[in-house]
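Observations on the model geometry
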Amino acid sequence: MESIWSKSCDIPRREALKKSIRTEVAVIGAGMAGILTAARLQKAGRRVVVLEANRIGSGQTRNTTAKLTAQHGCFAKQLTEALGPEKARLYVQANKEAIDAFRTLIQAEGIACDFETQSAFVYGNDEARMKQEAAAQRKLGLPAALVRAKALPGSPEYAIRVENQAQFHPLKLLRAVSEPLTVYENTPVRRVEGHILTTEGGQVRADRIVFACHYPFVNVPGFYFARMHQERSYVLALENAPCPSGMWIGAEPAGYSFRHYGDLLLLGGGGHRTGENSAGGRYALLRKQAREWFPESREAAHWSAQDCMPADGVPYIGRFSAGRPDWYVATGFQKWGMTGSMAAATLLCDLICGKQSPYARVFDPGRFDTKAAAGIAKEGLHAVKGLGRRIFQIPALQAEDLPRGHGGVVKAGAGKLGVCRDDAGGLHAVDIRCPHLGCQLEWNPDEASWDCPCHGSRFDREGRLISGPAQRDLRSGRT
Ligand SMILES: Cc1cc2nc3c(=O)[nH]c(=O)nc-3n(C[C@H](O)[C@H](O)[C@H](O)COP(=O)(O)OP(=O)(O)OC[C@H]3O[C@@H](n4cnc5c(N)ncnc54)[C@H](O)[C@@H]3O)c2cc1C
Ligand code: FES
């Protein structure tokens, strides 16, 4: 499973950290958020290093669909209700400015990253809802127009169009922007205490620390695990699939996403909470739609990714927690982390350089009002239910029942294990407790991975960590 972005762009390798160093700012994570933030800070005259567990752009950024828009789906009415009109306008303004900042950066530095101006559309059939949403988007400062959308596959009636948005190749941009930065690859940060970051190769002493590692792996302080879960979605790149230009997304959660890259159509969908796909069939669903809508099409690639979903629908960008004034965070982009990363880079640079920003109070990770509290309580309840529901149940399934290519939680003596049978018939067994906070993992047949329903950590069939908040592999089990 490789995205068209990673297939078409190599980023030169960097050394791992092999000694202890000092710096002004340490950024954890070399995805879109970490690299843009580090670049901003370096331009502002700060000494910055980036510490990356794997490779530059190897996290969710390599599997995005890379639309740059301030129209975040069918969002304006709900956002206005959640934040009030003033903060909701600022949210949109931050994302509009992020698109301008991409344009300026790409033009000023001559970055070849297939940047194209495009219109963004959200489509749907419910006329009253679409009219209301278009009006709400206009009130927030988006030039939104309600248009007919029949030419789109599935023939939806309406779409809300916002012109002058954009799309690009995310890894080509990261390759150029990361070039002048000091980045240590294969350098997972194991611990952060005060101003010290500990890695296997040495310690980093930093005046300021930015967590741009997708999901913060420090549980306390911050308690991000109580206010975010993760959601996955799936993408096919199709040749010979004629579709109107523009960047499209459905108004309903089950809707599909469309954009072009060159001659390819990227068809996205099949979203679900990470760890809740034991029945599988997400790629099958996309392939069925592709056959129905584009019978002449051919699949060039398929991939998936996941993102952090904050309890109140607004990313957490700013001070990590009141008790750690020199720690900062950028997370919770809810599948809009391209503009979100640029907004984070601008805001974090302002905060670290001691400047005021109108956006600080919109994205403040310390916000906690009654509406957010309701979301947080729901989030915590879901995680506790995930833990309680499954961890004490003894499954009926035995390892020998598993067909080739399948996995599941099986009975093992008085306990249980996660077991998968590979295509050659070999069994692979792992401890089924997530090393983050102990929830029971679920087998994801679409990706052949063990996924956690609580906060979205993922592991391959051998138990190797794919993505956090967990920070270590699963213990292996015996069948
Ligand atoms: C299917 C899908 C489509 C999407 N499409 C769009 C879109 O069209 N437009 C849009 O705006 N957004 C989109 N998004 C969202 C966007 O892709 C993400 O929000 C964004 O890529 C997140 O970037 P990031 O830098 O926060 O995380 P990542 O890219 O995951 O980077 C985090 C990095 O931190 C590293 N790391 C983790 N732990 C440690 C540690 N302990 N030490 C050191 N390094 C560590 C990881 O290895 C990783 O490289 C989409 C999301 C999905 C799921
Ligand atoms: S990711 Fe938190 S318990 Fe698994």
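The rules we used
Residues numbered from 1 in each chain as written. Chains lettered and ligands numbered in written order. Predicted model: local features only at pLDDT ≥ 70, side-chain atom pairs only at ≥ 80, totals over all residues. Heavy atoms only, no water. Pairing = 2+ DSSP bridges. Helix = DSSP H or I, 4+ residues; strand = E, 2+ residues; numbered from the N terminus. Buried < 20%, exposed > 50% of the residue type's maximum accessible area, 1.4 Å probe, protein only. Domains from an automatic or database assignment. Contact = heavy atoms within 4.5 Å. Buried area = accessible area lost by both parts, 1.4 Å probe. Salt bridge = Lys/Arg side-chain N within 4 Å of Asp/Glu carboxyl O. Polar contact = N/O pair within 3.5 Å; in protein donor to acceptor, adjacent residues only side chain to side chain. Nonpolar A, V, L, I, M, F, W, Y, C, P; charged D, E, K, R; others polar. Near = heavy atom within 4 Å. Areas by Shrake-Rupley, 256 points an atom, 1.4 Å probe, with all protein chains shown as cover. Disulfide = S-S within 2.5 Å. Expected span 1.5 Å × (residues − 1).

Here we look at the pairing of strand E20 (residues 427-430)
Pairing of strand E19 (residues 415-421) with E20, which is carried by four bridges, proceeds in the antiparallel orientation. Within E20, the residue paired with Val419 across the bridge is Ala429. Between E19 and E20, which pair antiparallel in sequence order, lie five residues; one of them, Gly425, sits at a positive phi of approximately 100°.

A word on unusual backbone geometry
Put simply, Val220 and Pro221 share a cis peptide bond, and its omega is 0°. With respect to the element layout, Pro221 can be found in the loop between strand E10 (202-211) and strand E11 (228-239). Phi at Gln334 takes a positive value of approximately 45°, unusual for a residue other than glycine. Considering the arrangement of structural elements, one finds Gln334 in the loop between strand E17 (324-331) and helix H8 (337-352). A residue is classified by how much of its surface remains accessible, and Gln334, at 16% relative accessible area, is buried.

Re the domain arrangement of the protein
We note that the domain assignment places domain 1 (9-64 + 171-226 + 313-367), domain 2 (69-78 + 112-169 + 228-310) and domain 3 (399-467) within the protein. Contact with domain 1, which involves 27 residues of that partner, is made by 24 residues of domain 2. With both chains or domains summed, domain 1 and domain 2 bury close to 2100 Å², and 59% of this area falls on carbon and sulfur atoms. Considering only the surface of domain 1 that becomes buried against domain 2, Lys172, Lys335 and Trp336 emerge as the three largest contributors, covering 32% of it. The tally of links between domain 1 and domain 2 comes to one salt bridge. Where Lys172 meets Asp114, a salt bridge forms, and the shortest distance between an N and an O atom there is 3.0 Å. Scanning the region where domain 1 abuts domain 2 turns up 15 residue pairs in polar contact (both at pLDDT 80 or more). Those elements that place two or more of their residues in the side of domain 1 that touches domain 2 are helix H6 (170-178) and H8. Per-class residue counts for the side of domain 1 that touches domain 2 are 15 nonpolar, ten polar and two charged.

Some words on the site of ligand 1
Near ligand 1 there are 35 residues, and of these Glu52, Thr61, Thr65, Asp307 and Gln471 occur at the shortest range. Contact between ligand 1 and Met32: an oxygen atom at 3.1 Å from a main-chain N or O atom of the residue. Interatomic distance of 3.2 Å between a backbone N/O atom of Ala66 and an oxygen atom of ligand 1. Starting from 1000 Å² of accessible surface for ligand 1 in isolation, the protein chains cover 94%. When its residues are assigned to classes, the shell around ligand 1 shows 16 nonpolar, 15 polar and four charged. Structurally, the shell around ligand 1 is a two-domain feature, drawing no fewer than three residues from each of domain 1 (9-64 + 171-226 + 313-367) and domain 2 (69-78 + 112-169 + 228-310).

A few points about the state of the cysteines
With the rule as written, the count across this model stands at one disulfide. Note on cysteine connectivity: Cys439 is disulfide-linked to Cys454, with sulfurs 2.0 Å apart. Because the sign of the S-S torsion sets the handedness, a value of about -85° for the bond joining Cys439 and Cys454 places this disulfide among the left-handed ones. With a gap of 15 residues between them, Cys439 in the loop between E20 and strand E21 (442-444) and Cys454 in the loop between strand E22 (449-451) and strand E23 (458-460) connect regions that are remote in the sequence. For the residue pair Cys439 and Cys454, the accessibility class agrees, reading buried in each case. Here Cys308 stays free of any disulfide, with the sulfur of Cys213 as its closest cysteine sulfur at 9.0 Å. Here Cys420 stays unpaired: no disulfide links it, and the sulfur of Cys434, its closest cysteine neighbor, is 18 Å away. Judged by relative accessible area, Cys420 falls into the buried class, the value being 2%.

Focus: helix H2 (residues 32-43)
Under the 1.5 Å per step criterion, the end-to-end length of H2 is 17 Å for twelve residues, consistent within 8% with the ideal 16 Å. Burial within H2 is extensive, with nine of its twelve residues counted as buried. Listed as buried for H2 are Met32, Ala33, Gly34, Ile35, Leu36, Thr37, Ala38, Ala39 and Leu41. Phi for Gly45, located one or two positions after H2, is positive at around 95°.

Focus: the environment of Leu427
Here Leu427 shows up in strand E20. C-alpha of Leu427 to C-alpha of Arg13: the two residues are 414 residues apart in sequence and 34 Å apart in space.

Focus on the environment of Thr65
Note that Thr65 resides in the loop between strand E2 (48-51) and strand E3 (67-68). Not counting residues up to four positions away in its chain, the partners in contact with Thr65 are Trp5, Val235 and Arg259.

As for the pairing of strand E12 (residues 247-250)
Relative to E12, strand E4 (residues 116-124) is paired through four bridges, and the arrangement is parallel. In the sheet register, Phe121 faces E12, and the bridge partner there is Trp248. Relative to strand E13 (residues 257-261), E12 runs antiparallel, the two sharing two bridges. Across the sheet, Trp248 pairs through a bridge with Phe258, a residue of E13. Remark: six residues form the turn of the hairpin made by E12 and E13, two consecutive strands paired antiparallel.

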